[in-house]
Structure formats: structure tokens, C-alpha cells
Amino acid sequence: MTKSSNPHKKLNLLQVYRGIGALLVVMFHVNQMSTERLNQVTFFNLFQAGWSGVDYFFVLSGFIMVYVHRSAIGKKDQLKSFLVKRCVRIYPIYWIITLTVVFFFLLIPGFANAQDLSLDKIILSLLLIPQYGKPILDVGWTLVYEIYFYVLFSIAIWLKPKQSVPLLSAWLFVTLLHFSKVIQFPDAFFLLNTVFGNMNLEFVLGGLAAYIVLKYNNKITNYRWILFGIANLGYVILGLFVAWGNIEFDRIKTFAVLAAILIVAATSIDLKDSPRLPYLLIFLGDASYSIFLLHSPVISATTKIVQKANLGKYFDGFFAPAMVALFAVVVGCIFYSFIEKPLTVYLRKNIVEKMFLPKAQAS
């Protein structure tokens, strides 16, 4: 596997699409909660396929793991560093938001389900351990898969390739059998449905996209804008079919594959053209994690308040949902600027860097 010509270059176009992915999920939940609670379809159902933003996140995660951490594969001494960095990135912000939601539920129990306040539910949710149903912070189900993927990648770091390749190949084979419905597990077997879940194939697609970029980027470069156009056009067409054709697609075969093509093309464009992109779009990408985690409780609380106050008749299909979506995004951006970013920088400097500095430097 050859190395990228500039492996440390920031891939801004990928970051912009991370922000777009977060916005799609926001709009999907605005439409979903407005329909369920206020009987109001928003934006002509245009964002019915907004859940596809999650598919982009998963494929991108698989891409980043291979693209950035490929040098750690087979090097057991780098496992601790990898896990600490990943945990620092995922858990602290997630804990803050989850515990805030729990506090809110305790303050106003009418907004919570009874099981959300049980101790075992809180512990499983905070640790992102697979469970029957979703974590307290509903979008946390995506992080359960994310953490599991880190475990899989840790196997590739901990073991030598001659050991990890057969093991991970066997896992992939069973996962593909599950995806093909050759074997199926009952819903109650939630652990097996996570271990061999279809969504894991999106991380695999991301890893494959990274391999293609690293090995064949010189060949891809000539077709980067064509691939970029195909991926974007494909997203729009599929989104319209879901929204207005009421057609269901297998997300792995459609949106995830398009996400992989988009990531390959966007990376090639970033490396070749270094396009100048608006700061606001890059900022939204940087803030996407906070937006993603916070938007659901913000939208949920807002629509419940409107519902309980009998203000649904004033909730139209355009202006009101746009304000709710904007509010959720702004809250996420503020949280990112004043909590996520400074906290992450602090933790990296005071935990990650100090933990892995050579002893001579640390002293």
C-alpha cells in the first residue's frame, strides 16, 4: 500500500461534507418529529432521506481509520495511543450531553420514558455498550457502532497481519452472510446484531475507499470531478425517490456506496486542487459532532413544547421548521465553540500528549 503524497494535509472538502451530513440528519429529525407530534410535513418531505448523513459519517470513519492510522496496523505498542485518542474524541462530549439530558429528564419526568431513568440504562448508555433499544441520547446508537469499529481496528493494531487478517476476514464473511440474509439473528440477540450488523459494512466501504486513494490516487485524479458529480447527483436522485416516490432503498448498496465514491473523489480533489472553501462550511464540518449530538434533544424538546402548548396550528411546513433546525444548529455550534473545542484541546494537551511523551521530555 503506497502512501499518500501528502498524508497530513487537511481534507477540507471531506470536512465540508461532514457538516452537510449533520445538516441532513437535523432536517430529517425536524421532519420526523414534526410529522409525528404536530401532524405537519415539512419542506414537502424533501429531507425524508436525511438519515443518509449517518451513512456518510460511517463510511468517512472507516476511511479516516485506514487513511490516518494505517501505519499503526500490526504495531501492538501503538494500541494504547490509538484507544486513548479515540476515547478522548468520543466520550467526554457525549457524556456531557447525555448527563444533561438525564438531568433534564429528572427535572421534567414527563419528557422521559420510564426506562431512560433506570440505572442500568444510564450506565449502558454512558459506556456505549450494545443494548436492546437505543441509548438515552437516541443518536448514541451510531456511536455504539463507532466504538465497536474501534475495537475491530484495535485487533488489526494489536495482532500481526498474519493473525488479524484471517480473524477479521472471518468476521467480514459472517457479516456478509448476515447482510445477504443467509443467516439472521432474532431482535433479542442485540449483541450479535451489533457484532455482525449490516451497518459495519459501511466502515468496511470507508476502509476500501482509503485503500483506493492510497494505492490508485494517480489514476483516480483524472476522473475526480466526474466521480464527484456522479456521487452528488446520485445522492440527489435517490433522495428525491425516497421523498416523493416513497421508495425504500438498501442504504448499504445505495447511499453508503455513493458516500464511498464521494469520499474518494473529494479526497482526490483536495490533494490535487486544494479548493478554497467558505470558512462557514468548514466550521460546520468542525462543529458537526456537537451538532449531531445536540440536535435531537433540542428538536425533541422544541416540538414537545409546541405540542403541549397546543401551538401546532401555527407550525407551518416551512418557516417554523426552518427556525427549529436553525436553532438546533446554532446551539450545536455554540456548544462546539465554547465547550467541545476548548475541552478537546485541553484533554489532548494534558492527557494524550503527556501520556505519550518520551520520558526524557515528560520530566
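Residues numbered from 1 in each chain as written. Predicted model: local features only at pLDDT ≥ 70, side-chain atom pairs only at ≥ 80, totals over all residues. Heavy atoms only, no water.

A. Broad picture of the side chain of Asn217. As for its position among the elements, Asn217 is in helix H8 (residues 200–220). At 3.4 Å, the side chain of Asn217 and the side chain of Ser268 are in polar contact. Once you skip the residues sitting within four places of it in the chain, Asn217 turns out to touch Ile212, Ser268 and Leu271. (Helix = DSSP H or I, 4+ residues; strand = E, 2+ residues; numbered from the N terminus. Polar contact = N/O pair within 3.5 Å; in protein donor to acceptor, adjacent residues only side chain to side chain. Contact = heavy atoms within 4.5 Å.)

B. Broad picture of helix H3 (residues 79–107). Its 29 residues place the ends of H3 41 Å apart at the C-alpha level, agreeing with the 42 Å of an ideal helix rising 1.5 Å per residue. Approximately 30° is the largest bend angle found in H3, and it occurs at Val88, with the proline Pro92 only one to four residues beyond. (Expected span 1.5 Å × (residues − 1). Bend = angle between axes of the 7 residues up to and from the residue.)

C. The arrangement of the pattern of salt bridges in detail. Counting across every chain of the model gives four salt bridges. Where Arg89 meets Glu340, a salt bridge forms, and the shortest distance between an N and an O atom there is 3.0 Å. Of the two residues, Arg89 is situated in helix H3 and Glu340 in helix H13 (residues 319–356); the sequence distance between them amounts to 251 residues. Residue classification places Arg89 among the partly exposed residues on the basis of a relative accessible area of 21%. The partner of Arg224 in a salt bridge is Asp273, and the shortest N-O contact between them spans 2.8 Å. Placement of the pair is Arg224 in helix H9 (residues 224–244) and Asp273 in helix H10 (residues 252–273), with a sequence separation of 49 residues. Under the relative-accessibility criterion, Asp273 is labelled partly exposed at 31%. (Salt bridge = Lys/Arg side-chain N within 4 Å of Asp/Glu carboxyl O. Buried < 20%, exposed > 50% of the residue type's maximum accessible area, 1.4 Å probe, protein only.)

D. Main features of the side chain of Arg86. Checked against the element boundaries, Arg86 lands in helix H3. The side chain of Arg86 sits in the buried core without any salt bridge; Glu146 is the nearest counter-charge, 5.6 Å away. In this structure the side chain of Arg86 is engaged in a polar contact, spanning 3.3 Å, whose partner is the side chain of Tyr150. Excluding residues within four positions of it along the chain, Arg86 makes contact with Met65, His69 and Tyr150. (Lys, Arg positive; Asp, Glu negative; His and termini not counted.)

E. Looking closely at unusual backbone geometry. For Asn246, which is not glycine, the phi dihedral falls at a positive 55°. Mapped onto the fold, Asn246 is located in the loop between H9 and H10. Positive phi values are uncommon outside glycine, yet Ser274 reaches one of about 45°. Counting through the fold element by element, Ser274 comes out in the loop between H10 and helix H11 (279–286).

F. View of the packing of helix H1 (residues 12–38) against helix H2 (residues 52–69). Axis separation between H1 and H2 bottoms out at 7 Å; the angle between their running directions is 150°. Here H2 runs roughly antiparallel to H1, going by the angle between their axes. Handedness of the crossing formed by H1 with H2: left-handed. Here H1 contributes Leu14, Tyr17, Arg18, Gly21, Ala22, Leu24 and Val25 to the contact with H2, which in turn contributes Ser52, Gly53, Val54, Tyr56, Phe57, Leu60 and Phe63. (Axes fitted to C-alpha atoms, helices over the stretch in contact; angles between N-to-C directions. Parallel < 35°, antiparallel > 145°, perpendicular 65-115°, else oblique. Left-handed = near helix turned anticlockwise from the far one by under 90°.)

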